[in-house]
Amino acid sequence: MKPAVQTGKASLAFQEPVYIQSAASIVGKKEGEGPLRDCFDMVSEDPRFGTDTWENAESTLQKETAVLAIGKAGLKPSDIRMAFAGDLLAQTIASSFGIADMGIPFYGLYGACSTIGESLSLGAMSVTAGYGAHILCATSSHFATAEKEFRFPLGYGNQRPLSATWTVTGSGACVLGNNPPVPENTENASPLRHENGCAAVTALTTGTVVDFGFRDSMNMGGCMAPAACDTICRHLTDFDRKPSDYDAIITGDLGVVGQRILFDLLREKGLSISSIHHDCGLLIFDNKSQDTHSGGSGCGCAASVLAAFILPRIVTGQWKRVLFVPTGAMLSKVSFNEGDSIPGIAHGVVIEHMEV
């Protein structure tokens, strides 16, 4: 394949598209009761996914999603050249005890809730550089493991402020490659090919760490919104584009509070995206009936919504070009308890409808 072209200060443009050959999503019971209930590949009624600990549950969740994505691409784990995967837990144990157990060459990632953007970016760069014909990108999160890792054990029963988000129990996985998905009506046909259309990554904007001095661990949207603003502005500048050049600009998990802050920050720069903006944390839950306060969050939030909701609309041509901007709050228990702030990061991935 032709190499990617450096564009502006933070972006890459692919001279040849990197095709999304398959995608899969598995979520928990609460997510399966939300607006996207019919979009996910699988909804588990068992929050422990047949295991004896929350951490093992998340590992199983991510592994099963990865296996499903690989199978939907008509491949076997041995066909995957590399896996880029991550989660929210210390030492990314959900991934290392999950996907790493499949025998695939493995890179563990941590970009907080933006990890699926990091994974897709590194995966797409690897494909276009010729380092692998099939690359797996996956992330996961689990409400119980995240509360245990960053806040309080569930048995504590602490109250959550309205600015807090609800960590999604879910996982999303994609297989990237240098060829389009297998056509319909053939052996191992891919659900990510509709008639003559499919989805492909065409450009990236790597995020920078942005720190506005937020110190509220119950307001992740406020921590992440400045990073989302920075990445969106950098992307538009690097490619000399306008928001109207996109059918949708979709952030990862800013929630109600973060979305308002993002709109305010962009307005100060003379930009408005409100008419085309979606947030995965607001799409996955119904805040009126599910009481998630500010919305959904977690590595599995953007990843599962990407696989279940965003990609099908790109494949069918409902959306021709999308700027997918997973967002992450780099919350560390150690630095937070020492009084440090919580910086944010966001990675931009351009996904387009391709005629094949």
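Above this text you will find the structure in question.
Remember, predicted model here, so these are calculated numbers, not experimental data.

Trainee: So, the overall build of the protein chain: which residues are in play, and what are the values?
Mentor: A count of helical and extended segments in the protein chain gives 11 helices and 16 strands. The C-alpha radius of gyration of the protein chain comes to 19 Å, within 12% of the 21 Å expected for a compact globule of 356 residues. Based on the C-alpha atoms only, the size of the protein chain along its principal axes is roughly 50 × 50 × 35 Å. Within the protein chain, the fraction of its 356 residues that count as buried is 59%. Of the contacts made within the protein chain by residues no fewer than 6 positions apart, 76% connect residues no fewer than 24 positions apart. Taking the 26 positively charged and 37 negatively charged side chains of the protein chain as two groups, their mean positions are separated by 3 Å.

Trainee: Which residues make up the packing of aromatic side chains, and what values go with them?
Mentor: Under the criterion given, the structure shown has 2 aromatic pairs. Centroid distance F309 to W319: 6.0 Å. Interplanar angle 75°. Geometry classified as edge-to-face. On the criterion of sequence distance, the pair formed by F309 in helix α10 (residues 299-315) and W319 in the loop between α10 and β13 (321-325) is long-range, its members being 10 residues apart. There is no split in this pair, since F309 and W319 are both buried. Sitting over the face of the ring of W54, R48 holds its NZ or CZ atom 4.0 Å from the ring centroid.

Trainee: Before we move on, could you go through the nonpolar core and cite the residues and values that matter?
Mentor: One finds I310, L311 and F324 to be the most contacted residues of the largest nonpolar core, which totals 49 residues. Here this core takes 12 residues from α10, the largest share from any one element. Residues within four places of F324 in sequence aside, it is in contact with I116, L120, I250, C280, A302, L306, I310, H347, G348, V349 and I351. In terms of nonpolar packing, the next biggest core, distinct from the first, is built from 29 residues, C223, C229, F263 and V350 among them.

About the criteria used
Residue positions are given per chain, counted from 1 along the sequence in the order it is written. Note on the predicted model: pLDDT of at least 70 is required for a residue's local features to be given, and 80 or more for side-chain atom pairs to be given and counted; whole-chain, interface and lining totals, by contrast, use all residues. With hydrogens and water set aside, each side-chain value is computed from the structure's full complement of heavy atoms. Helix and strand assignments follow DSSP, with helices taken as H or I runs no shorter than four residues and strands as E runs no shorter than two, numbered in order from the N terminus. Radius of gyration: over C-alpha atoms. The globule rule applied is 2.2 Å multiplied by the number of residues raised to the 0.38 power. Burial classification: accessible surface area is computed with a 1.4 Å probe over protein chains only, and a residue below 20% of its type maximum counts as buried, one above 50% as exposed, and the rest as partly exposed. Contacts: residue pairs with any heavy atoms within 4.5 Å of one another. A residue counts as positive if it is Lys or Arg and as negative if it is Asp or Glu; His and the chain ends are not included. Throughout, a charge is located at the NZ atom of Lys, the CZ atom of Arg, the CG atom of Asp or the CD atom of Glu. Whether two aromatic rings pair depends on their centres lying within 6.5 Å, for rings of Phe, Tyr and Trp, where Trp uses its six-membered ring; planes under 30 degrees apart make the pair stacked, over 60 edge-to-face, and the rest tilted. Consider the ring centre and the ring normal. A charge sits over the ring if Lys NZ or Arg CZ is within 6 Å of that centre and within 35 degrees of that normal. By nonpolar core we mean a set of buried residues, namely Ala, Val, Leu, Ile, Met, Phe, Trp, Tyr and Cys, connected to one another through side-chain atoms within 4.5 Å.

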